[in-house]
Amino acid sequence: MADDKAKEQGEHHKSRLAEEEPSPILVPRRRLQMQSRRDFLLYGVGAAAVAGGFWWLLPGDTHSRVLTPGQAARLDSLEARVGLTGGRKETLLGRTLTFDDDVAEALYSPNRIVPTYAKSQITPNLRNNYGGGTPDPDYIDDWTLTLDGLADGKQRKLSLHDLSTRFGHHEEITRLVCVEGWSAIAWWGGLRFADLLRAFPPMPGARWANMESAVNVDSDGNSDPYYVSIDLGTARHPQTLLATHQEGKPLGVEHGAPMRLIAPMKLGLKNIKALTHITYTVKEPADYWNERGYSKYDGV
Ligand SMILES: Nc1nc2c(c(=O)[nH]1)N[C@H]1C(S)=C(S)[C@@H](COP(=O)(O)O)O[C@H]1N2
Ligand SMILES: [Mo]
């Protein structure tokens, strides 16, 4: 099912490329890059942004030929949101502050499968990229995962034992991409976020999972909770794990023991370590790095 979808996306991608042979594609691309708040992030979503930028220069009926109905609908609503119609489309490109995030999100397919790798391709010595300091491992023994924003209105606290006995274990070898300019292939194991969502459904209307690490510390060792959010489509993605293992062993403190998010279709900064709380929300929550000037969509 997911494979078919990926194949279908591939076909669409091909036909889109075929239509994009003409040179005008370069114009919106440069414009998008100039107007981006962070050119280097656009590099990651470049293909989507280029497709999105070129998109508005095509006659309307092309929409239904190169995109899936879902993508076309999301683009239509995006056009409506930023007030783009007919001849004004080109001149208005990029005027919206969150333009790159919006285009990336509109073109995002929740079923796109990211590449996986062989064990021989694993990057040795995965970097510990705690932005502040690595927390004192004392927290691990009493760790629980707290869930809020659930359909039954109750708060749930789950132990590592609850989580690892109740849900199936999945492994994947994927690439972790850091916005600072490095990436690494790493081997993870854990439960699927989708399985947790099925067992403890979010409240009606919820679209986001806000995740927090209450044990995160700054470079002086003082408490500095880390928080990021992902949309529930990304949370339900089959490659999105609540990882408990790395290299076949329980996670070490430096990589987020006892549980971290692995969402390989998102930048490393979304892959929160030492996860302690998940809250489902209707409105998009704030992100630690987004509040400090980075993007919030953060696709790779
Ligand atoms: N709690 C917490 N999670 C975090 C971070 C952090 O500073 N604190 N850094 C993020 C960033 S920027 C990256 S690139 C990845 C790195 O994962 P690693 O340290 O396992 O290589 O963790 C992410 N998760
Ligand atoms: Mo990162």
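Residues numbered from 1 in each chain as written. Chains lettered and ligands numbered in written order. Predicted model: local features only at pLDDT ≥ 70, side-chain atom pairs only at ≥ 80, totals over all residues. Heavy atoms only, no water.

Peer 1: What am I meant to see in the confidence of the model for the protein chain here?
Peer 2: Residues shown with low pLDDT carry predicted positions that ought not to be read at fine detail. Here the protein chain averages 78 in pLDDT, while 64% of its residues score no lower than 70. The low-confidence segment residues 1–65, where pLDDT is below 50, has 89 contacts with residues more than four positions distant or belonging to other chains. Note on residues 80–97: pLDDT under 50 across the span, and 22 contacts to partners over four residues away in sequence or across chains. (pLDDT = per-residue confidence, 0-100. Contact = heavy atoms within 4.5 Å.)

Peer 1: Please clarify how the site of ligand 1 should be interpreted in this entry.
Peer 2: Neighbouring ligand 1 are 19 residues, the closest being Arg127, Asn129, His255, Arg260 and Lys273. Between an oxygen atom of ligand 1 and a side-chain N or O atom of Arg260, the distance comes to 2.7 Å. In the complex, the protein chains occlude 98% of the 530 Å² of accessible area that ligand 1 would expose alone. Counted by class, the shell around ligand 1 contains eight nonpolar, eight polar and three charged residues. (Near = heavy atom within 4 Å. Polar contact = N/O pair within 3.5 Å; in protein donor to acceptor, adjacent residues only side chain to side chain. Areas by Shrake-Rupley, 256 points an atom, 1.4 Å probe, with all protein chains shown as cover. Nonpolar A, V, L, I, M, F, W, Y, C, P; charged D, E, K, R; others polar.)

Peer 1: Even after reading the chapter, I still don't get the packing of aromatic side chains, so can you show me in this structure?
Peer 2: For any pair of aromatic rings, geometry is given as the distance between the ring centres together with the angle between the planes. Within the structure shown, the criterion is met by three aromatic pairs. Taken together, a centroid distance of 4.9 Å and an interplanar angle of 35° make the contact between Tyr226 and Tyr288 tilted. With Tyr226 in strand β6 (residues 226–231) and Tyr288 in the segment after β10 (277–281), this residue pair connects regions lying 62 residues apart in the sequence. With centroids separated by 5.7 Å and ring planes inclined at 75°, the aromatic side chains of Tyr227 and Tyr288 adopt a geometry described as edge-to-face. One end of the pair, Tyr227, is in strand β6; the other, Tyr288, is in the segment after β10, with 61 residues separating them in the sequence. Taken together through their ring pairs, the aromatic side chains of Tyr226, Tyr227, Tyr288 and Trp289 make up a single cluster. The ring of Tyr130 has Lys273 lying over it, and the distance from NZ or CZ to the ring centre is 3.9 Å. (Phe/Tyr/Trp six-rings, centres within 6.5 Å; stacked < 30°, edge-to-face > 60°. Helix = DSSP H or I, 4+ residues; strand = E, 2+ residues; numbered from the N terminus. Lys NZ or Arg CZ within 6 Å of the ring centre and 35° of its normal.)

Peer 1: What is the right way to look at the environment of Asp138 in this model?
Peer 2: With respect to the helices and strands, Asp138 occurs in the loop between α8 (99–107) and β1 (145–148). Take Asp138: its relative accessible area is 60%, and that puts it in the exposed class. A C-alpha to C-alpha distance of 10.0 Å links Asp138 and Val215, two positions 77 residues apart in sequence. (Buried < 20%, exposed > 50% of the residue type's maximum accessible area, 1.4 Å probe, protein only.)

Peer 1: Any chance you could explain the pattern of salt bridges here in plain terms?
Peer 2: Close approach of charged atoms allows side chains of opposite charge to pair. Within this structure, the stated rule accounts for three salt bridges. A salt bridge links Arg156 to Asp152, with the shortest nitrogen-to-oxygen separation between them at 3.2 Å. Across the pair Lys270 and Asp287 runs a salt bridge whose closest N-O atoms are separated by 2.8 Å. With Lys270 in the loop between β9 (260–262) and β10 and Asp287 in the segment after β10, this pair connects stretches of sequence that are 17 residues apart. Exposure class is identical for Lys270 and Asp287. Each is buried. (Salt bridge = Lys/Arg side-chain N within 4 Å of Asp/Glu carboxyl O.)

Peer 1: Teacher, can you tell me more about the pairing of β6 here?
Peer 2: Looking along a regular strand, one sees side chains alternate from face to face of the sheet. The element β6 is largely enclosed, with a buried count of five among its six residues. Two elements, strand β5 (residues 208–213) and β6, share six bridges in a ladder whose sense is antiparallel. From the neighbouring strand, Ser213 faces β6, where its bridge partner is Tyr226. (Pairing = 2+ DSSP bridges.)

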